[in-house]
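# Descriptive analysis of the structure
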Amino acid sequence: MSFQNRINNLKTKLSNLGLDGMYVTNLTNVRYLTGFTGSAGSLLILDNEQYFFSDGRYKEQSKEQIKNCQIQIVGSSHINAIKKMNLLSDDVKIGFESNHVSVSLYNNFTNLFPLVHWKETAGIIEKIAAVKDMLEIDSLKTAIEITDEVFKQIIPELKIGAVEKDISAKISYLFKTNGAEGDSYESIIGSGYLGALPHARPSDKAFEDGDFVVMDFGALYNGYHADMTRTVVIGSATERHKEIYDIVLRSQLQGIAIAKAGITGAEVDNACRTVITEAADGKYKDKFIHSTGHGIGLEVHTYPGINKLNNEALLENYVITIEPGIYIEGWGGVRIEDDCWIQKETCKPLNTSTKEMLILK
């Protein structure tokens, strides 16, 4: 899909909502609609034209990257430039991204254009972007392939005495040496009792015998984010390790088995949660403490949410994570996560890293 096709899809949505245009300020959405990768840009979309605004730092980059908009290099106040150019007539209805516009910026809109009808919107572009085209899926596949390769390369480093921060730094280094732009996000490396924190940040803690190590990491490629979690055991494993790991794996596989176009995020969440709730006489039913997953793309957390509140059907060519977990305070945790391509009749995990419980000495 071309950038112009993406804007055309947005214009159709705006027309259906009775809007005459939209002012886009979120940089991720600006990138999705134009290809612009800089740190300062906004986009005014009207019925017959679209305008891109940035400052002098991006004059040449804008000309190189943006082919579907009139480019306006105007300095820092884009909305003032829109006023000076007289681009908005009285009584038009213009949408804005309510989740990304501050009160101060909104007040600027209304002060400069008191006769424009500013209409708050939420998630319009994000829902369009959730359906990936093949160029996006190829970028995601490459990011995921790099992530799988880095996991393979880091396994020999996972042993008693290894330090969380050191493992995180080595992962970042390996991403770049394997062709990624860098980390998709700061890696989560939680060993032993710290693994009970779903978003544990790497610390100075060393791996100890009997630690579960939760490793949540992903490569960034062409702007697209991979997001994988694997959990390994350091030294030796007990029956408790094996029981918990097996329950989480069965939960994750059940979510993958049910997910496909037409199934809701809530149904996938429930499928995973039911396995954990019913296993081991229910003793872990309160230990799955987050949602089952989320979309990925130009951001690591995007629409759709794979949780009990999302009753909207998944669509073909969504790419989502499925990542149930069990977390036991003071002891540790297990999470297993794959990036999954939603298809008409199935869900295809894109990760190839083993999900066997690895015991590393």
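Above: the structure in question.
By size, the foremost hydrophobic cluster in this structure holds 32 residues, and its most contacted members are L10, V24, L33 and L43. For this core, the secondary-structure elements that each account for two or more residues are helix 1 (3–16), strand 1 (21–24), helix 2 (27–34), strand 2 (42–46), helix 6 (124–130) and helix 7 (134–154). Among all residues touching V24, those that are not within four sequence positions of it are N29, V30, L33, S42, L43, I45, E97 and I125. Formed by 31 residues, the second largest nonpolar core is a distinct cluster that contains I244, C272, Y303 and I328.

For the rest of this paragraph, the subject is the packing of aromatic side chains. Inspection of every chain in the model, using the stated rule, returns 11 aromatic pairs. For the pair Y23 and F109, a centre-to-centre distance of 5.6 Å together with 70 degrees between the ring planes defines the contact as edge-to-face. Of this pair, Y23 sits in strand 1 while F109 is found in helix 5 (residues 103–112), placing the two residues 86 residues apart along the sequence. For the residue pair Y23 and F109, the accessibility class agrees, reading buried in each case.

Further remarks concern the sheet that holds strand 1. Read from one edge of the open sheet, six strands run 4-3-2-1-5-6, paired in mixed fashion. Two strands in the sheet have a free side with no partner beyond their single neighbour: strand 4 (70–73) and strand 6 (117–121). Taking the axes of each pair of neighbouring strands and ignoring which way they run, one obtains an average angle of 20 degrees across the sheet. Bridge analysis of strand 2 against strand 3 (residues 50–54) gives four bridges, and the strand direction is antiparallel.

Looking now at the pattern of salt bridges. Here the structure, examined in full by the defined rule, presents 20 salt bridges. A salt bridge links K63 to E60, with the nearest nitrogen and oxygen atoms 3.2 Å apart. With K63 and E60 both in helix 3 (residues 59–65), this residue pair falls three residues apart, about one helical turn. The exposure class of K63 is partly exposed, given its relative accessible area of 44%. E60 gets classed as exposed once you look at its relative accessible area, which sits at 53%. Here E312 and K127 are joined by a salt bridge, their closest N and O atoms 3.1 Å apart. Residue E312 is located in the loop between strand 14 (302–306) and strand 15 (319–322), and its partner K127 is located in helix 6; the two are separated by 185 residues in the primary sequence. A relative accessible area of 38% places K127 in the partly exposed class. Linked by salt bridges that have partners in common, R6, D133 and E136 make up one network.

Here we come to helix 8 (residues 164–177). For the α-helix, the turn length of 3.6 residues means that residues three or four positions removed from each other point alike. In a regular helix each residue adds 1.5 Å, so 14 residues correspond to 20 Å; helix 8 covers 20 Å between its end C-alpha atoms and thus fits that length. Within helix 8, the full set of buried residues consists of E164, I167, S168, I171, L174 and F175. Along the long axis of helix 8, the arc covered by the buried residues comes to 125 degrees, so they all point the same way. When the buried face of helix 8 is taken as reference, the exposed residues oriented beyond 90 degrees from it are Y173 and K176. At its buried positions, helix 8 is contacted by helix 7, strand 7 (182–183), strand 8 (188–191), strand 9 (212–217) and strand 10 (219–221). Two residues or fewer after helix 8 comes G179, characterised by a positive phi angle close to 100 degrees.

This part covers unusual backbone geometry. Looking along the chain, the bond that leaves Y303 and enters P304 is cis, with omega of 5 degrees. As for its placement among the helices and strands, P304 is situated in strand 14. A positive phi angle, near 55 degrees, is found at N222, a position not held by glycine. Using a relative accessible area of 40% as the deciding quantity, one classes N222 as partly exposed. Its identity is not glycine, yet A280 carries a phi of approximately 50 degrees, on the positive side. Counting through the fold element by element, A280 comes out in the loop between helix 10 (265–278) and strand 13 (293–295).

Here T28 shows up in helix 2. The sequence separation of T28 and E126 amounts to 98 residues, and the corresponding C-alpha distance is 9.4 Å. Apart from residues lying up to four places away in sequence, T28 is in contact with L298 and E299. A polar contact of 2.6 Å, which involves the side chain of T28, links it to the side chain of E299.

Each value, and the rule that gives it
- Residues numbered from 1 in each chain as written.
- Predicted model: local features only at pLDDT ≥ 70, side-chain atom pairs only at ≥ 80, totals over all residues.
- Heavy atoms only, no water.
- Core = buried A, V, L, I, M, F, W, Y, C linked by side-chain atoms within 4.5 Å.
- Buried < 20%, exposed > 50% of the residue type's maximum accessible area, 1.4 Å probe, protein only.
- Helix = DSSP H or I, 4+ residues; strand = E, 2+ residues; numbered from the N terminus.
- Contact = heavy atoms within 4.5 Å.
- Phe/Tyr/Trp six-rings, centres within 6.5 Å; stacked < 30°, edge-to-face > 60°.
- Pairing = 2+ DSSP bridges.
- Axes fitted to C-alpha atoms, helices over the stretch in contact; angles between N-to-C directions.
- Salt bridge = Lys/Arg side-chain N within 4 Å of Asp/Glu carboxyl O.
- Expected span 1.5 Å × (residues − 1).
- Arc of directions from axis to C-beta.
- Polar contact = N/O pair within 3.5 Å; in protein donor to acceptor, adjacent residues only side chain to side chain.

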